[in-house]
Amino acid sequence: MWKLADKIIESRFLLGTAQYPSLQIMRDAIITSKTNVITVSLKRQSTQPPGDNVFWNSIKDLNCHLLPNTAGCHNAADAINTAEMAREVFQTNWIKLEVIGDDYNLQPDPFELVKAANQLIQNGFEVFPYCTDDLVLCQRLIDCGCQILMPWASPIGSGKGIINVYALETLRARLPHTTLIIDAGIGKPSHATQAMELGFDGVLLNTAVSLSKHPIQMASAFRDAIVAGRSAFKAGMILERNMANPSTSLLDTPFWHQEVVT
């Protein structure tokens, strides 16, 4: 169990709802993942009342918290307007804030992102900003009032995994009281495990599951990988060494007489 914003949830796996082969496969993948939070896009879903919407009918009984996003927005004004509409449609003050600055790698615009985050927090939103791993940008978002940050591992949909371990380790060390969720670039369950081993609080992904050959099976794999990574972090992993260190006692020396190498 852990606290995400104002909710107590179990799973540290957050899952998207786009690009699945069918709505049924999407539902089955979400159920298999055991996620408690799913992301939805206002620009991809109909604004019809829930009772008249096929998408709503597919997710309404999943008992998941909805995290609407501002995907497709390129400036603060558009993102703020989209967030306000999403709050009305999805009946939540949570918003995954995306303000894209470059259409090639879908990197967020740091200036417009901070501007939008500042205004949305003043408007009563719980802002989950999608950002890069830049420490100064993250600090500026916290200064705005963001309690949750969602830095990328690598560009959206790239599947490259974590490309800058040092930057993410720095974020975790410098922002110990901020909820940090890896968002974007995760391609393999091992990538998710690595993120959790670094001490991140959760992983949000979409493409790695929805566009895999078997989304339901892949959702299961990521579910277990995230649990394993979190367990390893809590257990306390050994430090890497540049030299070998024997793990088996010497035959002619009792283990209690051997020097402990630390």
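Residues numbered from 1 in each chain as written. Predicted model: local features only at pLDDT ≥ 70, side-chain atom pairs only at ≥ 80, totals over all residues. Heavy atoms only, no water.

*Asks:* Where do I start with the overall build of the protein in this structure?
*Replies:* For the protein, the helix and strand inventory stands at 9 helices and 10 strands. Expressed as a percentage of the 262 residues in the protein, the buried residues total 48%. Total accessible area on the protein is roughly 13,600 Å²; 52% of this is exposed by carbon and sulfur atoms. (Helix = DSSP H or I, 4+ residues; strand = E, 2+ residues; numbered from the N terminus. Buried < 20%, exposed > 50% of the residue type's maximum accessible area, 1.4 Å probe, protein only. Areas by Shrake-Rupley, 256 points an atom, 1.4 Å probe, with all protein chains shown as cover.)

*Asks:* Please explain the nonpolar core as it appears in this structure.
*Replies:* Counting residues in each nonpolar core, the largest one holds 59 residues, and the members touching the most others are I59, L97, V203, L205 and V209. Dropping the residues within four chain positions of it, V203 is found in contact with R12, F13, L14, I181, I182, I186, A192, A195, M196 and I226. Judged by nonpolar contacts, the second largest core, of 12 residues, contains L4, I9, L14 and I181. (Core = buried A, V, L, I, M, F, W, Y, C linked by side-chain atoms within 4.5 Å. Contact = heavy atoms within 4.5 Å.)

*Asks:* What am I meant to see in the pairing of strand β4 (residues 37–41) here?
*Replies:* Along any regular strand, the residues point their side chains to alternate faces of the sheet. Of all 5 residues in β4, 5 are buried; the element is thus mostly enclosed. Across the two faces of β4 the burial is the same, with V37, T39 and S41 and I38 and V40 all buried. Pairing analysis gives 3 bridges linking strand β3 (residues 13–16) to β4, with the strands arranged parallel. Bridging across to β4, G16 finds its partner in T39. Bridge count between β4 and strand β5 (residues 65–69): 5 bridges; the pairing is parallel. Bridge assignment links V40 to a residue of β5, and that residue is P68. (Pairing = 2+ DSSP bridges.)

*Asks:* What exactly am I supposed to notice about the environment of A86 here?
*Replies:* Topologically, A86 is positioned in helix α3 (residues 76–90). Residue contacts for A86: discarding those within four places in its chain leaves L42, P68, Q91 and I95.

*Asks:* Could you clarify how one ought to interpret the side chain of R12 in this entry?
*Replies:* By the element assignment, R12 lies in the loop between β2 (7–9) and β3. The buried charged residue R12 lacks any salt bridge, with D201 as its nearest oppositely charged partner at 4.1 Å. A polar atom in the side chain of R12 sits 2.9 Å from the backbone oxygen of D201. In this structure, R12 is in contact with M1, W2, M196, D201, G202, V203, I226 and R230, ignoring residues within four places of it in sequence. (Lys, Arg positive; Asp, Glu negative; His and termini not counted. Salt bridge = Lys/Arg side-chain N within 4 Å of Asp/Glu carboxyl O. Polar contact = N/O pair within 3.5 Å; in protein donor to acceptor, adjacent residues only side chain to side chain.)

*Asks:* Honestly, unusual backbone geometry in this entry has me stumped. Any pointers?
*Replies:* With glycine set apart, most residues show a phi of negative sign, and most peptide bonds adopt trans. Positioned with a positive phi, N63 is a non-glycine residue whose angle comes to about 55°. Within the element layout of this structure, N63 appears in the loop between α2 (54–59) and β5. Overall, the relative accessible area of 70% leaves N63 in the exposed class. For A184, which is not a glycine, the phi torsion comes out positive at approximately 95°.

*Asks:* Got a minute to help me understand the pattern of salt bridges in this structure?
*Replies:* Proximity of charged atoms lets side chains of opposite charge pair with each other. All told, the structure shown has 7 salt bridges when counted by the stated rule. R172 serves as the salt-bridge partner of D201, at 2.9 Å between the closest nitrogen and oxygen. Remark: R172 occurs in helix α6 (residues 165–174) and D201 occurs in the loop between α7 (189–197) and β10 (202–205); sequence separation between them is 29 residues. In the salt-bridge network here, residues are joined through shared partners; they are K96, E98 and D183.

*Asks:* Explain the packing of α3 against helix α4 (residues 110–122) here, please?
*Replies:* Angle between the axes and distance between the axes are the two parameters that describe a pair of packed helices. Two numbers describe how α3 lies on α4: the axes approach to 8 Å, and their chain directions differ by 35°. Seen from above, α3 lies across α4 with right-handed handedness. Residues A76, A79, I80 and A83 of α3 pack against E112, K115, A116, Q119 and L120 of α4. A per-class count over the contact of α3 with α4 returns 6 nonpolar, 1 polar and 2 charged. (Axes fitted to C-alpha atoms, helices over the stretch in contact; angles between N-to-C directions. Left-handed = near helix turned anticlockwise from the far one by under 90°. Nonpolar A, V, L, I, M, F, W, Y, C, P; charged D, E, K, R; others polar.)

*Asks:* What is the right way to read the packing of aromatic side chains from this model?
*Replies:* A ring pair, where both rings are aromatic, is described by two values, the distance of the centres and the angle of the planes. Evaluation of the coordinates by the stated rule reveals 2 aromatic pairs. Ring centres of F13 and F222 lie 6.3 Å apart, and the angle between their planes is 40°; on these two criteria the pair is classed as tilted. With F13 in strand β3 and F222 in helix α9 (residues 215–235), this residue pair connects regions lying 209 residues apart in the sequence. F222 matches F13 in its accessibility class, with the two residues each being buried. Between W94 and F128, the aromatic rings sit 5.1 Å apart at their centres with planes inclined by 50°, giving tilted as the arrangement. Of this pair, W94 sits in strand β6 (residues 94–97) while F128 is found in strand β7 (residues 126–131), placing the two residues 34 residues apart along the sequence. F128 shares its class with W94; the two are buried. Lying across the ring of F125, R87 places its NZ or CZ 3.8 Å from the centre. (Phe/Tyr/Trp six-rings, centres within 6.5 Å; stacked < 30°, edge-to-face > 60°. Lys NZ or Arg CZ within 6 Å of the ring centre and 35° of its normal.)

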